[in-house]
Structures are given as structure tokens and as C-alpha cells.
Amino acid sequence: MKAPSEWDTPEPSEVTEGPPPAPSSSESKEAALKATLESFSGQIAADAVEKFWPDRPKHPELNGNGVNKEELVAKVTPALRAHITKNLHIISVLVFESKDPERAFQGVSALLGREAMEFTKMIYESLTFFKKIGIDELTGLPNRKVFDRNITTGVERNKRFGETFSFILFDLDHFKEVNDTYGHGAGDQVLQEMARRLSKDVKLRELDALVRYGGEEFAIILPSTPKEGACILAQRISDQIGIEPFKIVTKSGEPFEIRVTASIGIAEYAGFTEDPHGKEVQRSADINLYVLKGKEPDHEGITEDRRGRIACDGRVVSKEDIEAFKTKMSGPGRSSFPAPEKG
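Everything quoted here is computed from the prediction, not taken from an experiment. Sequence positions are assigned chain by chain, starting from 1 and proceeding in written order. Side-chain atom pairs in this predicted model are given and counted only at pLDDT of 80 or more, local residue features only at pLDDT of at least 70, and totals for whole chains, interfaces and linings cover all residues. Each side-chain value is derived from all of the structure's non-hydrogen atoms; neither hydrogens nor water enter the calculation.

For soluble globular proteins, nonpolar side chains are generally found buried alongside one another. Buried Ala, Val, Leu, Ile, Met, Phe, Trp, Tyr and Cys residues that are joined via side-chain atoms within 4.5 Å together make up what is termed a nonpolar core. Burial classes: relative accessible area under 20% of the type maximum marks a residue as buried, over 50% as exposed, and values in between as partly exposed (1.4 Å probe, protein chains only). Grouped together as the largest cluster of nonpolar side chains are 39 residues, with contacts concentrated most on Ile-168, Phe-170, Leu-172, Val-190, Met-194, Phe-218 and Ile-266. Numbering goes from the N terminus for both helices and strands, where a helix is a DSSP run of H or I of at least four residues and a strand is a run of E of at least two. When residues in this core are grouped by element, the largest group, seven residues, is from helix 9 (residues 227–242). For this analysis, residues touch if any pair of their heavy atoms sits within 4.5 Å. Contacts of Val-190, omitting those with residues within four sequence positions, involve Leu-172, Phe-175, Val-178, Phe-246, Ile-248, Ile-258 and Val-260.

This part takes up the layout of surface pockets. Space inside the largest pocket adds up to approximately 1,300 Å³. The method works on a 1 Å grid over the protein atoms by themselves. A cavity is a set of points holding a 1.4 Å probe that cannot get out, a pocket is an open set with protein on both sides within 12 Å along at least five of seven lines, and residues with an atom within 4 Å of a point line them. Around the largest pocket, the lining is made up of 42 residues, and of these Glu-71, Ala-74, Lys-75, His-184 and Asp-188 lie nearest the centre. Those elements that place two or more of their residues in the lining of the largest pocket are helix 1 (26–39), helix 3 (69–86), helix 5 (101–133), helix 7 (175–182), helix 8 (184–201) and strand 2 (209–214). Considering every element that reaches the lining of the largest pocket, the biggest residue donor is helix 3, with nine residues. Just so you know the grouping, Ala, Val, Leu, Ile, Met, Phe, Trp, Tyr, Cys and Pro go in nonpolar, Asp, Glu, Lys and Arg go in charged, and all remaining residues, Gly too, go in polar. Across the lining of the largest pocket, the residue classes break down as 13 nonpolar, 15 polar and 14 charged. Grid points are joined across faces, edges and corners, and a volume is the space filled by probe spheres set on the points. Its boundaries defined by the atoms lining it, the second largest pocket holds a volume of some 200 Å³.

Running from amino to carboxyl end, helix 9 crosses helix 11 (residues 319–329) at an angle of 125°, the nearest separation of the two axes being 9 Å. Looking at the two axes, helix 9 sits oblique to helix 11. As for the relative orientation of helix 9 and helix 11, their crossing is left-handed in sense. The residues of helix 11 that touch helix 9, namely those facing Glu-228, Gly-229, Cys-231, Ile-232 and Gln-235, are Lys-319, Ile-322, Phe-325, Lys-326, Lys-328 and Met-329. Classifying every residue of the contact of helix 9 with helix 11 by side-chain character gives five nonpolar, two polar and four charged. Convention adopted: a line fitted to C-alpha atoms gives each axis, helices being fitted over their contacting stretch, and angles between N-to-C directions are expressed from 0 to 180 degrees. Throughout this description, any angle smaller than 35 degrees is read as roughly parallel, any larger than 145 degrees as roughly antiparallel, any in the 65 to 115 degree range as roughly perpendicular, and the remainder as oblique. Here a crossing is taken to be left-handed if its near helix is turned anticlockwise relative to the far helix by less than a right angle, and right-handed if that turn runs clockwise.

Without other data, these values stay purely geometric and don't point to any function.
Structural data, given as C-alpha cells:
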């Protein structure tokens, strides 16, 4: 079968092998046609992206935070499927009432290839716009570009004033299983609800920088905050995430609930002389995540899966630790570390 990106005009037997066998009723005809078109919509999208890629607009100002092919295909595919669903009745009439259904089906397939190209252009422009201004399109949170600016500011303030800041990295547990079981649409809803809870239900200070770090990871930079304050806030956030299930809606419109947990790694920047760009503090938080996921030994050399918990300094932070930190952080001049709970 010829790749959709190579189609100029619909040619018989080059686009697809032909329409599905015509079932007995018009309703089942449409369902069969929809299933057939959707079955190769991902390939149509991928080929459209591949054809578009060399000629895409250049955005050097994105500094490496640009759109990649996989991200673009993931956006174009559902848009193309939605287009198929919206125009299914018209497509069915064109195919099944044609004197030559096979050729009509090939024509529809070629048209979908051109539609995929248009979606690719529009979605690429939309994604690059949001990335350029520093906003993650899915969650509405600031993205890595904003994060990089904030961590640079933290490093500069540390150099000038000796100011400590902390970095919290959240990784949603078993997120791949959510996508594999319920679909990427459900995964997107989980990420959106996670962003809402972090930004709305958890009271952060105005100077705290919450971002979507990448994929299923979120991060917070806490200026003027030692690791003890970060651990207290992380426990509050963990409780907020688990306070009630996330409510998700399937592609068929059926609501269901899913319990979500997050592993949380914490690191403190208190003057890493060999870390002028804040890379080491990020690596430290990531290593703590590996401790929780059983991929990195803790400070005692123990490797064990502890997903859903908090780690700092290479060990799991206990509830007793949190209470001790609260006592330590309640001293004079410490009331803003972290922000007080809602109440």
C-alpha cells in the first residue's frame, strides 16, 4: 500500500485494499467503515507528519523545547479520528452509494491524507505557540522553558545572597498502565486533574514555581525554602492527591474513578559550588525518585519499591520526620516555609 504522504490523486489499489464488506444494515455499514478508517488513521497521521517535518517553520527561540514528531502524531491522530466521526454519514453515502465503492473509498482515503496534513500544520503552529510563550497546552501550567528560567534565578540568588531553595519532583506512579488500560485520553485527563489539584487545591506561595516538568512529571521550585519545608509541603500535596479518586470519562462517555499516587523526590540547593546551572539539584531529586521506585539503593544500600512516598537525601521520609520538620520550621521567621494550609 502506498504511503498517504505520497498520494497525489486517489489511485485504485494504492491507498488501501478497498472498503469493508457491506453489512446488511446502513448502521452496521457505517460502523464497519468507521472501524476501517480509524484502523489506519494513525498511519495516515504519521505519514502526514513525516511529509510535513522537513518544511516545518523554524523556531530557534524555543531552545530545544520544540515539538517532536511523536508529540505531533499523538495530537493529529485523534483530530483525524474526530473528523472521521463527524463526517461519517457523508463518507458512508459517498462510499456505499457509489457505482464504484472501491474507488470511492480510495478517494476518501486520499482526502483524509490531505486533511491530516492540514491538521498537522494547524496543530504544529498551536503547539509551538504555547511552547514559545512557556505554557503547556494540555495542563495550562508553565512548561520546562519557564522552569529553566526559575531555576536559573534560584541559582543566581543563591550566589548573591546565599539563599537556599528546594526542588520537588513528582512522578505519577503506574502512568503507563493508565494509558495502556484506559487510553491516552484518560491519561490526559489524569494529568489535567493532577495539575488542577496542584495549582488550586494546594496553597502555594506566589513566588513558588509549579511547572509540568515533562510527561507524567510535575515540579515545584520553592525559593527561600530548605528541604525540611519542601518535605512538609510534599506530604500535604501527597495527601491532597490521594484524598479522593480522579474522575475520568472514557471515549464512549462512561465515567469511572481511578486512584492515583505520586512518588516525590526532593533536593535542596544550598550552595553546590559545582552546580552553576542547577543541574545537580535536579539530578539529586531524580535519584531520590529512583530510590522510591526500587531502581536506586537508599543510604543503607536497600533497594525496595516504595512508590507513592517521599524521598530526600537518599532515604524515605517518614511521617515522624515530617512532624519533626514541622517543629523545626515553626520557629521565629519561619512561618512562610511552606505556605500555611487552607483552613
